[in-house]
Amino acid sequence: MDVPSLHNQFLSDALPRIRQDARVAGVAITGSIVGGRSDIYSDVDLILVIDEEAYDVVMRERFALIGSWASLVAGFTGEHVGEPRVIITLVGPPILHVDFKFVRACDFAERTEDPEILWDRDGLLAGALAQQPPVTPAFDLQWIEDRFWIWVHYGATKLGRGELFETISFLTYLRETVLGPLAARRVAAIPRGVRHLESSAPEEARNLQATLCGYDRHEAGRALLATVDLYRRWSDAGEAIVERRHHAEKLAMQYLHDVIDQGC
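The written sequence of each chain sets the order in which its residues are numbered from 1. Predicted model: local features are reported for residues with pLDDT of at least 70 only, side-chain atom pairs are reported and counted for 80 or more only, and whole-chain, interface and lining totals are derived from all residues. Derived side-chain values reflect all non-hydrogen atoms in the structure, with water molecules and hydrogen atoms excluded from consideration.

Undergrad: Which parts of the structure should I look at to understand the nonpolar core?
TA: In globular proteins that are soluble, nonpolar side chains generally tend to be buried together. We define the nonpolar core as a collection of buried residues of types Ala, Val, Leu, Ile, Met, Phe, Trp, Tyr and Cys that are connected through side-chain atoms lying within 4.5 Å of one another. Think of it in three bands: residues with accessible area under 20% of the maximum for their type are buried, residues over 50% are exposed, and the middle band is partly exposed, with areas taken using a 1.4 Å probe on protein chains only. Ranked by size, the top nonpolar core spans 33 residues in total, and within it Phe148, Trp149, Val152, Val178 and Tyr231 carry the most contacts. Going through the elements one at a time, α5 (141-161), α6 (164-186), α8 (202-208), α9 (217-236) and α10 (246-262) are the ones with two or more residues in this core. By the convention used here, residues are in contact when the closest approach between their heavy atoms is within 4.5 Å. With residues near it in sequence (within four places) discarded, valine 178 still touches Ile144, Phe148, Trp151, Tyr173 and Tyr231. In terms of nonpolar packing, the next biggest core, distinct from the first, is built from 29 residues, Phe10, Ile50, Leu65 and Ile66 among them. In DSSP terms, a helix is any run of H or I states spanning at least four residues, a strand is any run of E spanning at least two, and both are numbered starting from the N terminus.

Undergrad: Got a minute to help me understand helix α3 (residues 62-69) in this structure?
TA: Since the α-helix packs 3.6 residues into each turn, any two residues three or four apart lie on the same face. Within α3, burial applies to Arg62, Leu65, Ile66 and Trp69. Buried residues in α3, looked at end-on, bunch into an arc of 100°, giving them a common side. In this structure, the buried side of α3 is in contact with α1 (5-19), β2 (44-50), α2 (55-60), β3 (72-78), β4 (83-91) and β5 (96-104). The directions from the helix axis to the C-beta atoms form the arc being described.

Undergrad: Hey, could you run me through the pairing of β4 in this one?
TA: Two faces, one strand: in a regular strand the side chains alternate between the faces of the sheet. Strands qualify as paired when DSSP identifies two bridges or more between them. Two elements, β3 and β4, share six bridges in a ladder whose sense is antiparallel. In the strand pairing of β4, leucine 72 is matched with valine 91. Hairpin geometry of β3 and β4 is characterised by an intervening segment of four residues between the two adjacent antiparallel strands and by a positive phi of about 75° at glycine 82. Joining the antiparallel neighbours β4 and β5 is a turn of four residues, in which glycine 92 adopts a positive phi near 135°.

Undergrad: How should the environment of alanine 138 be read in this particular structure?
TA: Tracing the sequence through the fold places alanine 138 in the loop between α4 (124-131) and α5. Spatially, the C-alpha atoms of alanine 138 and isoleucine 190 are 9.6 Å apart, while their sequence positions differ by 52 residues.

Undergrad: So what exactly am I meant to see when it comes to the sheet that holds β5 here?
TA: Strand pairing in a sheet takes place through backbone hydrogen bonds and is either antiparallel or parallel in direction. Spatial ordering of the open sheet is given by β3-β4-β5-β2-β1-β6, a layout of six strands whose pairing is mixed. Among the strands making up the open sheet, the edge pair consists of β3 and β6 (116-120). Sheet twist, expressed as the average angle between the axes of neighbouring strands with direction ignored, equals 25°. Where strand β1 (residues 24-30) meets β6, four bridges bridge the pair, whose relative direction is antiparallel. The residue of β6 that forms the bridge with alanine 28 is isoleucine 117. Between the N-to-C directions of two axes lies an angle of 0 to 180 degrees, each axis being a line fitted to C-alpha atoms and, for a helix, fitted only over the stretch in contact.

Undergrad: Got a minute to help me understand a nonpolar patch on the surface in this structure?
TA: A contiguous nonpolar patch, built from Val73, Leu90 and Ile95 and spanning about 250 Å² of accessible area, is present on the exposed surface. For valine 73, the location among the structural elements is in strand β3. Judged by relative accessible area, valine 73 falls into the partly exposed class, the value being 48%. Only residues above 30% relative accessible area that lack a salt bridge enter a patch, with like-charged residues linked at up to 9 Å and the nonpolar side chains Val, Leu, Ile, Met, Phe, Trp and Tyr linked at up to 5 Å. Values of accessible area rely on a 1.4 Å probe in the Shrake-Rupley scheme; residue burial ignores everything except the protein chains shown. What makes a salt bridge here is a side-chain nitrogen of Lys or Arg within 4 Å of a carboxyl oxygen of Asp or Glu, nothing more.

Undergrad: What is the right way to look at the pattern of salt bridges in this model?
TA: Counted according to the given criterion, the structure contains 18 salt bridges. Between arginine 121 and aspartate 122 there is a salt bridge, with its nearest N and O atoms 3.1 Å apart. The class of arginine 121 is partly exposed, set by a relative accessible area of 32%. Among the residues examined, aspartate 122 registers a relative accessible area of 61% and is labelled exposed. The partner of glutamate 204 in a salt bridge is arginine 186, with the nearest N and O atoms 3.1 Å apart. In this pair, glutamate 204 is assigned in helix α8 and arginine 186 in helix α6, connecting sequence segments 18 residues apart.

Undergrad: Where do I start with the packing of aromatic side chains in this structure?
TA: In this description, an aromatic ring pair is defined by two values, namely the gap between the centres and the angle between the planes. Pairing of aromatic side chains requires ring centres within 6.5 Å, counting the rings of Phe and Tyr and the six-membered ring of Trp. Pairs whose planes differ by under 30 degrees are stacked, by over 60 edge-to-face, and all others tilted. Under the counting rule described, the total for this entry stands at eleven aromatic pairs. Through pairs of rings, three or more aromatic residues link up here, namely Trp143, Trp151, Tyr154, Phe170 and Tyr173.

Undergrad: How do you make sense of α1 when you look at a structure like this?
TA: Every helix has an expected span of 1.5 Å times one less than the residues it contains. Here α1 contains 15 residues, and its C-alpha end-to-end distance of 21 Å stays within 8% of the 21 Å for a straight helix at 1.5 Å per residue. Listed in full, the buried residues belonging to α1 are His7, Phe10, Leu11, Ala14, Leu15 and Ile18. Against β1, β2, α3, β4, β5 and β6 lie the buried residues of α1.

Undergrad: For this particular structure, what's the right way to read the environment of proline 16?
TA: Its location among the elements puts proline 16 in helix α1. In this structure proline 16 comes out as partly exposed when scored by relative accessible area, which is 42%. Sequence-wise, proline 16 and tryptophan 119 are 103 residues apart; in three dimensions their C-alpha atoms are separated by 9.6 Å.

Undergrad: Honestly, the side chain of aspartate 21 in this entry has me stumped. Any pointers?
TA: Mapped onto the elements of the fold, aspartate 21 is located in the loop between α1 and β1. Of note is the side chain of aspartate 21, whose polar atom sits 2.9 Å from the side chain of arginine 23. Here a polar contact is taken to be a pair of N or O atoms separated by no more than 3.5 Å, where protein atoms must pair a possible hydrogen donor with a possible acceptor and residues adjacent in sequence count only if both atoms sit in side chains.

Undergrad: How should I be thinking about the pairing of β1 in this particular structure?
TA: Counting buried residues along β1, six of its seven residues qualify, which places the element largely inside the surrounding structure. Alignment of β1 against β2, held across six bridges, turns out to be antiparallel. Across the sheet, residue isoleucine 29 finds its bridge partner in β2, namely leucine 46.

Rendered as structure tokens:
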């Protein structure tokens, strides 16, 4: 792995300390470091594989354990991203973002991409990965189509009411939920919202600039129209069979245009 010096120093210091806990069956790393995309701004994403019989106790001790492995500055659990097993931390100084994910040994093989094993006490981690391949999340374009025109109407209502902060926030949501994954799909990348699009899909990232706006009603209306335009273009590409909601599209777009025209 090509790892920045600060990240490498953290791993060199923490890994021997983690290995001293007999309840830890192994340690793996995932994220940009494994993918060869790491830089000085990258996180460290660790997976701590815990013996089954010790898991509940370790989960209660996670903050204390992390504090014994590194200089813990602050940390919180990851419910907001649907992953309560993760402790999101800052360690240091020098300050560094590190995510510690605690998993049972029987759950380690459930993954969307392969981690790199840093330490494997009894070969358990390597064996688990060999028995079960990673599963790439399915991209469900029908799920998006069923919702998209309702979302367009929702954005138009916020624009019409003059709730520009809400409109701007909603445009961000559409980029992360719809356009970012569609952009990744166009370049055969794993959808991760809008992450890494500047490097993985530079042409699509340039097109997404049209969906940005300042605190201005006219700009926000233009950005909503640009969002619709990109959705139409990008969702039509590919071989996915989608039942289009043409009636909803027609009515939602008529409503959006009416709202925009009222503000002219």
